[in-house]
Amino acid sequence: MENTTENGIEKPSKPKKTVLIGITGGIAAYKVPMVARGLIALGMDVYAIMTKSATEFVTPTTLSSLTGHPVYTDLFEGNIASNNININHITLADKADLILIAPATANTIAKLAHGIADNLLTSTVLAATSPVLVCPSMNVNMYTNKLTQDNISMLESAGMYVLEPGEGELACGWKGKGRLPEPERIVLEARKIISTNDLSGIKILITSGPTLEDIDPVRFITNRSTGKMGQAITEAACLRGASVKVITGPVNVNYAPWAKVIEVRSANDMFNAVKEHLDWADVLIMAAAVADFVPSTYKKQKIKKLNSVTYKLELTSSTDILASIKDKKGKKIFVGFAAETNSLEKNAGKKLEAKALDLIVANKVGSKGSGFASDTNTGSIISPSGTVQRFKLMPKQRLANKILDLVAERLV
Ligand code: CTP
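Here the structure is a predicted model, which is why all the values come from computation and not from measurement.

S.K.: Is there a simple way to think about the overall build of the protein chain in this case?
M.R.: Within the protein chain one finds 13 helices and 22 strands. When its C-alpha atoms are laid out on the principal axes, the protein chain stretches across 80 × 50 × 40 Å. Evaluated residue by residue, the protein chain yields a buried proportion of 50% over its 412 residues. In the protein chain, 66% of the contacts between residues at least 6 apart in sequence involve partners at least 24 apart. Here the protein chain contributes 48 positive and 39 negative side-chain charges, whose respective centroids are spaced 7 Å apart.

Structure follows, in structure tokens:
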């Protein structure tokens, strides 16, 4: 069952996942409360263990206030944010669906690599059967030191996940690799590790964003698509373990780091890219708003206004990508989108049939909170049998998962 907020946005109500965040003594510890917040916002239950030196950089009170749980720091004396002494490293290890260590110092990494369990965090990790995500952050020379690199390799060969640090200015004054990735990136990595992975082994080709059709070196025509829906599907598919390629028109969104991004400009570029990658895919999801009409000719010189009051621009219809790859469908699942202002389901149903789709997602354009540029969407998902699933206003992420649920049903 699902519940909704006052504004009608659906909230998932799956059992809560528990993430245990281990914070060690690095300056980047200041970013960790934001990681905790991000996980909690996704409905996860978050606990924190801090090493003694971590408490020099961020206070246990900050973490306990955010998580709503005591913060554990000592192997024997319970925790310093409450007097609860019943929790030990085994209890904490057993609770976790994921242990996330951020920032992970060279010292903690070395201890973990060698099975040393001399504090609450290292003991908990040793006792845990859950996945462990380690986010190293330190001075560039400490990070590139062969001993640290060997230790990181040992963690990976023991089955732990290691998120590569970012490059840039470091708090120690050096420049290079060693920055803790941004909180959103850490949260995304954590989600991927604890996701269902039900699309593992499935190859999904997604088109996203608008296309741009050049008129002359200065001007072009385009549409209002921002790529947000394509971005949401890309992220959801990656989190569920699919291999994803996204063919995108020019957009300002960042696609999930695991997806291969293929950038195109025009409807014709997008058509060529789809043809090139279609053989690879098990599933094609055409979320892009492809131009239906493109300038008949491209003027190499800027069109001058001279004294004219009007200018006639001749447009020619572009190739309908979905319609022209129908014969290559075979056992692949094809999903289309229909952006409509009126007669939503009727128009979408016609497109479903004409383009031989397995599903079409009909979007209402022009209503509040739905369609282009919005973070939410509303509309209907229609299948060839005539089944219509109407969905309320919901985040595009959630709609992306609904579409993928229906794709997954059709894959079996
Ligand atoms: N599409 C496509 N090639 C095009 C135009 C659209 O493959 N040249 C795809 C879109 O990516 C979408 C579906 O077809 O998945 C429907 O697109 P939409 O713009 O809603 O409909 P059209 O078929 O273009 O029809 P109309 O513009 O008349 O509504």
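Right, picking up where we left off after that structure.
S.K.: Hey, could you run me through the sheet that holds strand 7 (residues 132–136) in this one?
M.R.: Sheets are built from strands paired through backbone hydrogen bonds, the pairs being either parallel or antiparallel. With parallel pairing, the six strands of this open sheet are ordered in space as 5-4-3-6-7-8. Each edge of the open sheet carries a strand with a single partner, namely strand 5 (71–72) and strand 8 (161–162). Bridge count for strand 7 against strand 8 is two bridges, and the pairing is parallel. If you follow L133 over to strand 8, its bridge partner there is Y161. Sitting on the sheet, helix 1 (residues 32–41) touches strand 3 (18–23), strand 4 (45–50) and strand 6 (98–104), and the angle it makes with strand 3 is about 180°. Packing against the sheet, helix 5 (residues 120–127) makes contact with strand 3, strand 4, strand 5, strand 6 and strand 7, and its axis sits at approximately 145° to strand 6.

S.K.: Explanation requested: the pattern of salt bridges in the structure shown.
M.R.: Note on pairing: side chains with opposite charge can pair once their charged atoms come close. Enumeration over the complete set of coordinates arrives at 18 salt bridges. Put simply, E345 and R390 hold a salt bridge, and the shortest N to O gap is 2.7 Å. Linking E345 in helix 12 (residues 344–354) with R390 in strand 22 (residues 388–395), this pair joins segments that are 45 residues apart in sequence. Three or more residues joined by partner-sharing salt bridges are found here, namely K31, R179 and E182.

S.K.: How should I be thinking about the nonpolar core in this particular structure?
M.R.: Among soluble globular proteins, nonpolar side chains are generally buried collectively. I204, I233, I285 and I403 are the most contacted members of the largest nonpolar core, which has 35 residues in total. Going through the elements one at a time, strand 11 (203–208), helix 9 (228–239), strand 14 (243–248), strand 16 (283–286), strand 19 (333–340), strand 20 (359–364), strand 22 and helix 13 (396–411) are the ones with two or more residues in this core. At seven residues, helix 13 tops the list of elements feeding residues into this core. Setting aside residues no more than four positions away along its own chain, I233 makes contact with I206, I285, A287, F337, A400, I403 and L404.

S.K.: Help me understand the packing of aromatic side chains, please; the structure alone is not making it clear to me.
M.R.: Geometrically, a pair of aromatic rings is defined through the distance of the ring centres and the angle of the planes. With the rule as written, the count across this model stands at zero aromatic pairs. The aromatic ring of W280 is capped on one face by K245, whose charged end is 4.4 Å from the ring centroid. Stacked on the ring of F271, the Lys or Arg K275 has its end atom at 4.1 Å from the ring centre.

S.K.: I tried to follow the pairing of strand 11 on my own but got confused; where do I start?
M.R.: The side chains of a regular strand alternate between the sheet's two faces. Among the six residues in strand 11, five count as buried, and that is most of the element. By the bridge criterion, four bridges tie strand 11 to strand 16 in an arrangement that is parallel. Counterpart to I206 in the pairing with strand 16 is I285.

S.K.: I would appreciate a short explanation of the packing of helix 1 against helix 2 (residues 60–67) in the present structure.
M.R.: Helix packing for two helices is described by the angle between their axes and how far apart those axes are. Relative orientation of the contacting elements helix 1 and helix 2 amounts to 10°, with a least axis distance of 10 Å. Taken together, the axes of helix 1 and helix 2 lie roughly parallel to each other. Residues P33, A36, R37 and I40 of helix 1 form the contact with helix 2, whose own contacting residues are T62, L63, L66 and T67. For the contact of helix 1 with helix 2, a count of residues per class yields five nonpolar, two polar and one charged.

Calculation rules
Residues numbered from 1 in each chain as written. Predicted model: local features only at pLDDT ≥ 70, side-chain atom pairs only at ≥ 80, totals over all residues. Heavy atoms only, no water. Helix = DSSP H or I, 4+ residues; strand = E, 2+ residues; numbered from the N terminus. Buried < 20%, exposed > 50% of the residue type's maximum accessible area, 1.4 Å probe, protein only. Contact = heavy atoms within 4.5 Å. Lys, Arg positive; Asp, Glu negative; His and termini not counted. Charge placed at Lys NZ, Arg CZ, Asp CG, Glu CD. Pairing = 2+ DSSP bridges. Axes fitted to C-alpha atoms, helices over the stretch in contact; angles between N-to-C directions. Salt bridge = Lys/Arg side-chain N within 4 Å of Asp/Glu carboxyl O. Core = buried A, V, L, I, M, F, W, Y, C linked by side-chain atoms within 4.5 Å. Phe/Tyr/Trp six-rings, centres within 6.5 Å; stacked < 30°, edge-to-face > 60°. Lys NZ or Arg CZ within 6 Å of the ring centre and 35° of its normal. Parallel < 35°, antiparallel > 145°, perpendicular 65-115°, else oblique. Nonpolar A, V, L, I, M, F, W, Y, C, P; charged D, E, K, R; others polar.

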